[in-house]
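Residues per chain, in single letters:
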Amino acid sequence: MSQINKVQRVLLKLSGEALMGQFEFGIDPKILKQTAREVVSQQKQGIQLALVIGGGNIFRGAGLAQSGIDRVSADQMGMLATVMNALAMQDAIKKLGVPCHVMSALAIDQVGEPYSAMTAREYLSQGHLVIFAAGTGNPYFTTDTAASVRAIEIQADLLLKATKVDGIYDADPMKNDKAVRYDQLSYDEAIARELGVMDLTAMVLCRENKMPLGVFNMFDEGALAGIIAGESIGTKIEL
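Keep in mind that this is a model prediction, so the values were computed, not measured. (Residues numbered from 1 in each chain as written. Predicted model: local features only at pLDDT ≥ 70, side-chain atom pairs only at ≥ 80, totals over all residues. Heavy atoms only, no water.)

Caption draft 1: Geometry of the packing of helix 1 (residues 29–44) against helix 3 (residues 71–94). Packing of helix 1 against helix 3 leaves a shortest axis separation of 9 Å and a crossing angle of 60°. Comparing the axis directions of helix 1 and helix 3 gives the class oblique. At the point where helix 1 passes helix 3, the crossing takes the right-handed sense. Facing helix 1, whose interface residues are L32, T35, A36 and V40, helix 3 presents A88, M89, A92 and I93. Taken together, the residues of the contact of helix 1 with helix 3 break down into 7 nonpolar, 1 polar and no charged. (Axes fitted to C-alpha atoms, helices over the stretch in contact; angles between N-to-C directions. Helix = DSSP H or I, 4+ residues; strand = E, 2+ residues; numbered from the N terminus. Parallel < 35°, antiparallel > 145°, perpendicular 65-115°, else oblique. Left-handed = near helix turned anticlockwise from the far one by under 90°. Contact = heavy atoms within 4.5 Å. Nonpolar A, V, L, I, M, F, W, Y, C, P; charged D, E, K, R; others polar.)

Set out below in structure tokens:
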């Protein structure tokens with residue numbers, strides 16, 4: 001049986017851009033509520049769920065660094081954008097009656113708890129949702145890498161990356177209507193083909209720690225539940 005079918009604890013990586021919906025900036029309240037409902041639905045089925053959310057809908061550190069701002073400062077600003085998204089998602093989840101904790105890699109005690117892998121595992125075991133904010137707390141690392149690190153640290157069974165397309169393609173499906181979707185890949189294949197689903201550091205971390213990865217379209221109804229259940233949804237990457 002595939003490792004991806006034995007799932008109890010999941011880390012879900014959401015891009016900040018996914019929260020924009022049809023907007024050009026910020027957070028679409030409809031998308032926020034829809035995502036919270038999907039996540040809570042899985043929590044009520046007994047799945048232990050943690051989230052990492054990017055900040056690209058508000059601020060992208062690497063982009064501003066290219067304009068001349070110090071890279072460390074720019075990346076720290078990007079980390080703060082992820083905290084804003086985490087707080088918004090926490091509010092949406094709590095309104096559905098589920099305990100949810102924001103744990104930050106940066107010290108922001110008034111809005112979130114300091115990150116602790118052991119405490120996060122305890123929360124998840126108690127049926128609480130956890131959102132990891134501020135990336136790894138270090139500049140030069142993406143939220144993809146943060147998601148990989150946190151998935152490994154909390155001993156997740158599966159790392160999921162939600163995108164706007166239904167998996168990994170051999171070309172950009174938004175630009176090439178002949179692009180072919182992969183149903184399954186090995187990490188070596190994904191890295192060698194430079195498919196760009198996650199940055200290289202994140203991919204290598206997953207490969208070295210035998211962390212299965214699923215890439216899917218979060219906005220396909222039932223996709224999150226289906227991929228957790230082991231259905232043939234999106235693209236699956238394993239050893």
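Back to the text.
Caption draft 2: Examining the side chain of N85 more closely. By the element assignment, N85 lies in helix 3. When its relative accessible area of 0% is taken as the criterion, N85 is described as buried. Here G54 takes part through its backbone oxygen, which lies 2.7 Å from a polar atom of the side chain of N85. A distance of 2.7 Å separates polar atoms of two side chains, one belonging to N85 and the other to N57. The contacts of N85, once residues within four sequence positions are left out, are G16, L19, I27, I53, G54, G55, N57 and I58. (Buried < 20%, exposed > 50% of the residue type's maximum accessible area, 1.4 Å probe, protein only. Polar contact = N/O pair within 3.5 Å; in protein donor to acceptor, adjacent residues only side chain to side chain.)

Caption draft 3: Seen up close, the pairing of strand 11 (residues 235–238). Taking every second residue as pointing to the same face, both faces of strand 11 are buried, with T235 and I237 on one and K236 and E238 on the other. Here 3 bridges tie strand 9 (residues 184–186) to strand 11, and the two strands are oriented parallel to one another. Counterpart to Q184 in the pairing with strand 11 is K236. One ladder, built from 3 bridges, connects strand 10 (residues 213–217) with strand 11; its direction is antiparallel. Paired with V215 across the two strands is T235, which belongs to strand 11. (Pairing = 2+ DSSP bridges.)

Caption draft 4: Looking closely at the packing of aromatic side chains. Summed over the entire model, instances satisfying the criterion amount to 1 aromatic pair. Ring geometry for Y115 and F132: centres 5.4 Å apart, planes at 85°, overall edge-to-face. Taken as a pair, Y115 in the loop between strand 4 (113–114) and helix 4 (117–125) and F132 in strand 5 (residues 129–133) lie far apart in primary sequence, 17 residues in all. For F132, a relative accessible area of 3% translates into the label buried. Directly above the ring of Y115 sits R150, whose terminal nitrogen or CZ lies 3.7 Å from the centroid. (Phe/Tyr/Trp six-rings, centres within 6.5 Å; stacked < 30°, edge-to-face > 60°. Lys NZ or Arg CZ within 6 Å of the ring centre and 35° of its normal.)

Nothing here speaks to function; it is geometry throughout.
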